[in-house]
Amino acid sequence: MPAYAVVGATSWGVTLAALLERAGNDVILLVRSELEAHAVRAAGGLERLGTGPVLGPRVHIHPMPLTANHAAGLSGALVAVPSHAFRAAVQAAGLPRSLPVVSAAKGLDLETSSRMTEVLHALGYDPDRTGALSGPNLAHEIIRGLPAAAVIATPDLELGRAWQTALSAGAFRVYASTDVLGVELAGALKNVIAIAAGAAWGLGFGANAVAAIMTRGLAEMTRLGLALGAEVATFNGLAGVGDLAATCFSPLSRNRRFGELLAAGRTPADAVDEIGETVEGAHTAPVSLRLAAAAGVELPITAEVAAVIGGERTVPEAMLRLLGRPLAREELPRR
Ligand SMILES: NC(=O)C1=CN([C@@H]2O[C@H](COP(=O)(O)OP(=O)(O)OC[C@H]3O[C@@H](n4cnc5c(N)ncnc54)[C@H](O)[C@@H]3O)[C@@H](O)[C@H]2O)C=CC1
Ligand SMILES: O=C(CO)COP(=O)(O)O
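Quick notes on the rules
Residues numbered from 1 in each chain as written. Chains lettered and ligands numbered in written order. Predicted model: local features only at pLDDT ≥ 70, side-chain atom pairs only at ≥ 80, totals over all residues. Pairing = 2+ DSSP bridges. Helix = DSSP H or I, 4+ residues; strand = E, 2+ residues; numbered from the N terminus. Axes fitted to C-alpha atoms, helices over the stretch in contact; angles between N-to-C directions. Contact = placed C-beta atoms within 7 Å. Near = placed C-beta within 6 Å. Nonpolar A, V, L, I, M, F, W, Y, C, P; charged D, E, K, R; others polar. Parallel < 35°, antiparallel > 145°, perpendicular 65-115°, else oblique. Left-handed = near helix turned anticlockwise from the far one by under 90°.

This part takes up the sheet that holds strand β7 (residues 148–153). The strands that make up a sheet pair up through hydrogen bonds in the backbone, lying either parallel or antiparallel. Strands sit in the order β3-β2-β1-β4-β5-β6-β7-β8 across an open sheet of eight strands; the sheet is mixed. If you trace the sheet from one side to the other, it starts and ends with β3 (59–63) and β8 (172–177), each paired once. The mean inter-strand angle of the sheet, taken between neighbouring strand axes irrespective of direction, is 25°. Of the pairings in the sheet, the one linking strand β4 (residues 74–79) to strand β5 (residues 101–103) comprises three bridges and is parallel in character. For Leu78, the partnering residue across the bridge sits in β5 and is Val102. Along the sheet, helix α7 (residues 157–167) makes contact with β1 (3–7), β4, β5, β6 (130–134), β7 and β8, crossing β8 at roughly 175°.

Next comes the structure, spelled out in structure tokens:
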């Protein structure tokens, strides 16, 4: 039987472990401590997912690091911790450098502006065997068996096919791509646009305004992606428009909820506290602006989200600035 490791007993990590098991694999779920291992074993998953036990007998829960014994039989590992904890988690996990490793995180490194596969490369993992998983994938829906699709990007399509088979279970369908950069960037950048969409919902704007933010947001995500070498098709796919739609419209999205709370006048710190879970877009906004400045690309919506998070202006002021921009031709980046 193939065996895979999952790093992180997060909502997404537990969901991925359950999917791998349902697809017929053995799984080693690597957690931070014996205490955490005990809690996850006792709950059969995570209490905050609200489902009851979801992990069966083929998911083995162990504290990091991976033992040599467990490492020997592995076909790959998925890393499902938030981007700010990604580097430390990979270092603690002790995954063999030759192992195919896929990032399931949707964020950029705050210090280095790197994508998570770049963090893996810097830690010595083989660029030909690292990849990214993304798409409209709210863990709370997937763990309940609701249908969803994702995209896994690896430099080598054969490797991608192996991951597709390993992860596709029940109503979860995985597509393959070779645009690792695009899939990673799209997954990270959409969280920032979802904060803006949440702010629009929070101000009482309607579906028209949210759709406008999503469309112009997708244009700026694509502009930056193309400037950095991504493929336009990726932004029109599951990791781009697909995830953007799920995140901007679902009340389950923490990035959208964060925007709603900012619109209600909460400080960013209070909004994060109130949500009590990861809000990736709050970290990604300033990093995307740095990448955009270096690439000579303009990201008007992202700039306003970063300004609100930085305490430079309120949500209504940011919305007025966006509405007051010079009228322009509708340009959609193509290549
Ligand atoms: N929750 C979801 O529906 C989805 C999340 N993602 C991505 O997956 C990543 C993880 O997000 P969630 O599963 O939502 O996280 P989460 O919000 O369930 O858990 C985040 C928290 O997990 C804890 N944690 C657990 N194991 C950790 C470890 N090994 N190292 C550091 N912190 C650890 C930390 O306290 C952290 O604050 C993020 O990058 C997110 O964007 C991607 C797709 C779906
Ligand atoms: O990425 C996600 C869904 O695909 C999760 O969105 P939130 O982090 O906004 O909850």
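Here the focus is the site of ligand 2. Neighbouring ligand 2 are 13 residues, the closest being Asn137, Leu138, Ser253, Arg254 and Asn255. When residues of the shell around ligand 2 are traced back to their parent elements, those giving at least two are α8 (180–202), α11 (238–249) and α12 (254–263). Top element by residues in the shell around ligand 2 is α11. It accounts for three residues. Here the residues of the shell around ligand 2 sort into four nonpolar, five polar and four charged.

In this section: the packing of helix α14 (residues 280–295) against helix α15 (residues 300–309). Two elements in contact, α14 and α15, have axes whose closest approach is 9 Å; the angle formed by their N-to-C orientations is 125°. By the angle class used here, α14 and α15 are oblique. Handedness of the crossing formed by α14 with α15: left-handed. Contacts from Ala282, Ala285, Pro286, Ser288 and Leu289 in α14 reach Thr302, Ala303, Val305, Ala306 and Ile309 in α15. Its residues assigned to classes, the contact of α14 with α15 shows eight nonpolar, two polar and no charged.

Treat this as a map of the structure, not an account of what it does.
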